[in-house]
Amino acid sequence: MTQSTGHAQKVSLTGIKPTGTRVSIEEGGSVHLGNYLGAIRPALALADRYRCVYFIADYHALTSQRDPDALRENVRDVAATWLACGLDPDKMLLFRQSSVIEVFELTWIFACIVATGQLERGHAYKDALDRGEAPNAGIFNYPLLMAADIILYDSDVVPVGPDQRQHLELARDIATRMNHLYGEGTVVVPEAVIAEAPTVPGFDGRKMSKSYGNTIPLFLPHKALRSAIMKVKSDSSAMEAPKEPEGALVYELFKLVANADQQAELAKKLRAGNYGWGHAKQELFEVLEGQLAPLRERYQALRANPKEIDGVLEAGADRARMVARRTLSRVRRAVGIE
Ligand code: TRP
């Protein structure tokens, strides 16, 4: 199928939902360390194997976001974060979902071949019903828009966490259906790549997540980052006591950021005794600070210059639109609209 689109390299696509409340740059931005280690860093590492298409799913956020200023700000914050973390806009596409309105045309075409029962089985929709809520039609149609996101850009692979698996299955289903109804090669059938990304624990040991309130914001300033790391849970063994690093939260976090030599050395010091968890936390902080300080600097510079962010997003949207229009015109012809 890849040949039909003329791409030499496979396309990896992902959507980033800009959710949340208003962000404060001083409080470290809207993205946390778990997002960085578990999603951003692995997604950026795909750049040498794939043509990467990353977009900010602002219309998906609108299913729950009711604060226009927060939405606007979150979009820029997410863009600044990914750029600061090393997304190279010359090599990868970064844009706002809403800038390429072609996606809605494809959404409608898909709506016409998907059974409502399939959407009724959607996890997010069902969960909302189970909680006694009255989910809006945006939540109901969320997986359709997501399928359109994926298929519009001829995606071959979509690296997602397990929570997005059902959405991916629907997108695959729709793509297969389209090709069956309208001819092989009408659209590219995407594969799910369940990211090998690590689960990052928060400072209390549970998965780092805003809903647990245990996050470490990615761009906390130096001092605040150190205090946050000092809050990482550890047992109360005496400083002198030899300590087992494996399974200890501080060391688990350390393994996610330090190289093999640094890991071996810290493990040795802990096992030898006369080395407290506080010392280990200081070491974790230093390694993290070393890696994050340059990113934080870029992030702050970008946040101070929203025009630059908007410029990158617009340039990305212009290129994305070209791919989108090509796919859409293929699909329009196939279904008989053109
Ligand atoms: N639903 C995804 C999430 O909540 C965001 C998203 C929107 C997405 N469109 C996508 C992810 C397309 C992958 C591909 O995280």
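A. Highlighting helix 14 (residues 306-335). Its 30 residues give helix 14 an end-to-end C-alpha distance of 41 Å, which sits within 8% of 44 Å, the value for a rise of 1.5 Å per residue. Just beyond helix 14, the residue with positive phi is Gly336, at close to 95°.

B. Spotlight on the side chain of Thr63. Inspection of the secondary structure assignment puts Thr63 in the loop between helix 3 (58-61) and helix 4 (68-84). Within the structure, Thr63 has its side chain in polar contact with the backbone oxygen of His60 (distance 2.8 Å). The residues contacting Thr63, other than those within four sequence positions of it, are Asn136, Gly138, Ile139 and Tyr142.

C. The site of the ligand, seen in detail. For the ligand, the set of nearby residues contains 13 residues, the closest of which are Gly15, His60, Tyr142, Asp149 and Gln164. The side chain of Asp149 places a nitrogen or oxygen atom 2.8 Å from a nitrogen atom of the ligand. Protein contacts shield 89% of the accessible area of the ligand, which totals 360 Å² for the unbound molecule. For the shell around the ligand, the elements supplying multiple residues, two or more each, are strand 1 (11-16) and helix 8 (137-152). It is helix 8 that contributes the most residues to the shell around the ligand, four residues altogether.

D. Inspection of the environment of Gly311 at higher detail. The residue Gly311 is located in helix 14 in this model. Gly311 gets classed as partly exposed once you look at its relative accessible area, which sits at 35%. Taking C-alpha positions, Gly311 is 9.9 Å from Phe95, a pair spaced 216 residues apart along the chain.

What counts, and where the lines are drawn
Residues numbered from 1 in each chain as written. Predicted model: local features only at pLDDT ≥ 70, side-chain atom pairs only at ≥ 80, totals over all residues. Heavy atoms only, no water. Helix = DSSP H or I, 4+ residues; strand = E, 2+ residues; numbered from the N terminus. Expected span 1.5 Å × (residues − 1). Polar contact = N/O pair within 3.5 Å; in protein donor to acceptor, adjacent residues only side chain to side chain. Contact = heavy atoms within 4.5 Å. Near = heavy atom within 4 Å. Areas by Shrake-Rupley, 256 points an atom, 1.4 Å probe, with all protein chains shown as cover. Buried < 20%, exposed > 50% of the residue type's maximum accessible area, 1.4 Å probe, protein only.

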